[in-house]
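A structural walkthrough
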Amino acid sequence: QVQLVESGGGLVQPGGSLRLSCTVSLDIANIWEMGWYRQAPGKQREFVATLRSDIITDYADFVNGRFTISRDNAKNTVDLQMNSLKPDDTAVYYCNVRPFRFASSNYWGQGTQVTVSS
């Protein structure tokens with residue numbers, strides 16, 4: 001079974017930065033897609049960013065250039081660098097991995113809390 005473990009969440013002031021990391025229990029060099037999603041209290045889980053085939057990125061509109069998704073194949077991690085954080089970014093952030101393009105396998109981590117408040 002694929003295991004995903006997120007880390008790096010915490011409390012920051014508006015305008016601050018955090019770097020989230022997700023460690024995946026397989027060789028991520030050849031997986032199809034990985035990404036980050038978030039869920040705020042009372043809200044549905046929403047897309048934040050994805051990285052496909054190591055080179056193709058996609059970001060939600062609200063990111064507006066503030067976040068960067070990346071991967072480290074040597075460490076089997078996918079990271080999300082978040083800058084210029086806003087209170088509306090407060091949510092539990094979840095790592096997601098879809099190993100194969102034409103198979104339905106889909107895995108989630110346990111989530112890490114990000115709180116942006118003054």
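Just above, that's the structure.
Heads up: these notes are all about the structure in this document. Keep in mind the model is a prediction, meaning the values are calculated, not measured. (Residues numbered from 1 in each chain as written. Predicted model: local features only at pLDDT ≥ 70, side-chain atom pairs only at ≥ 80, totals over all residues. Heavy atoms only, no water.)

**Looking at the pairing of strand β6 (residues 56-59)**
- Examined bridge by bridge, strand β5 (residues 46-52) and β6 share four bridges and lie antiparallel to one another. Bridging across to β6, Arg 52 finds its partner in Ile 56.
- A loop of three residues connects β5 with β6, the two strands running antiparallel in sequence, and Ser 53 in this loop sits at a positive phi of about 55°. (Pairing = 2+ DSSP bridges. Helix = DSSP H or I, 4+ residues; strand = E, 2+ residues; numbered from the N terminus.)

**A closer look at the pairing of strand β9 (residues 91-98)**
- With seven of eight residues buried, β9 is to be regarded as a mostly interior element.
- Alignment of strand β4 (residues 33-39) against β9, held across seven bridges, turns out to be antiparallel. For Gln 39, the partnering residue across the bridge sits in β9 and is Val 92.
- Taken together, the three bridges between β9 and strand β11 (residues 112-116) define a ladder with antiparallel strand orientation. Within β11, the residue paired with Tyr 93 across the bridge is Thr 112.
- With two bridges connecting them, β9 and strand β10 (residues 107-108) associate as antiparallel partners. Looking at β10, one finds that Val 97 is bridged to Tyr 107. (Buried < 20%, exposed > 50% of the residue type's maximum accessible area, 1.4 Å probe, protein only.)

**With respect to the pattern of salt bridges**
- By the definition in use, this model includes six salt bridges.
- One salt bridge connects Asp 79 with Arg 19, and the closest N-O pair in it is separated by 3.2 Å. Residue Asp 79 is located in strand β8 (residues 77-82), and its partner Arg 19 is located in strand β3 (residues 18-24); the two are separated by 60 residues in the primary sequence.
- Judged by relative accessible area, which is 43%, Arg 19 ranks as partly exposed.
- The salt bridge partner of Glu 33 is Arg 52, with a shortest N-O separation of 2.5 Å. (Salt bridge = Lys/Arg side-chain N within 4 Å of Asp/Glu carboxyl O.)

**Quick word on the packing of aromatic side chains**
- Within the structure shown, the criterion is met by two aromatic pairs.
- Plain terms: the ring middles of Tyr 37 and Phe 47 are 5.9 Å apart, the flat faces sit at 70° to each other, and that makes the pair edge-to-face. Highlighted residues: Tyr 37 in strand β4 and Phe 47 in strand β5, separated in sequence by 10 residues.
- With relative accessibility at 18%, the residue Tyr 37 sits in the buried group. (Phe/Tyr/Trp six-rings, centres within 6.5 Å; stacked < 30°, edge-to-face > 60°.)

**What to know about the state of the cysteines**
- As enumerated under the stated definition, the model contains one disulfide in all.
- The disulfide bridge from Cys 22 ends at Cys 95, spanning 2.2 Å between sulfur atoms. Its S-S torsion of about -85° marks the bond between Cys 22 and Cys 95 as left-handed, since a negative value means left-handed. One end of the pair, Cys 22, is in strand β3; the other, Cys 95, is in strand β9, with 73 residues separating them in the sequence. When sorted by exposure, Cys 22 lands in the same class as Cys 95, which is buried. (Disulfide = S-S within 2.5 Å.)

All we've got here are geometric facts, nothing functional implied.
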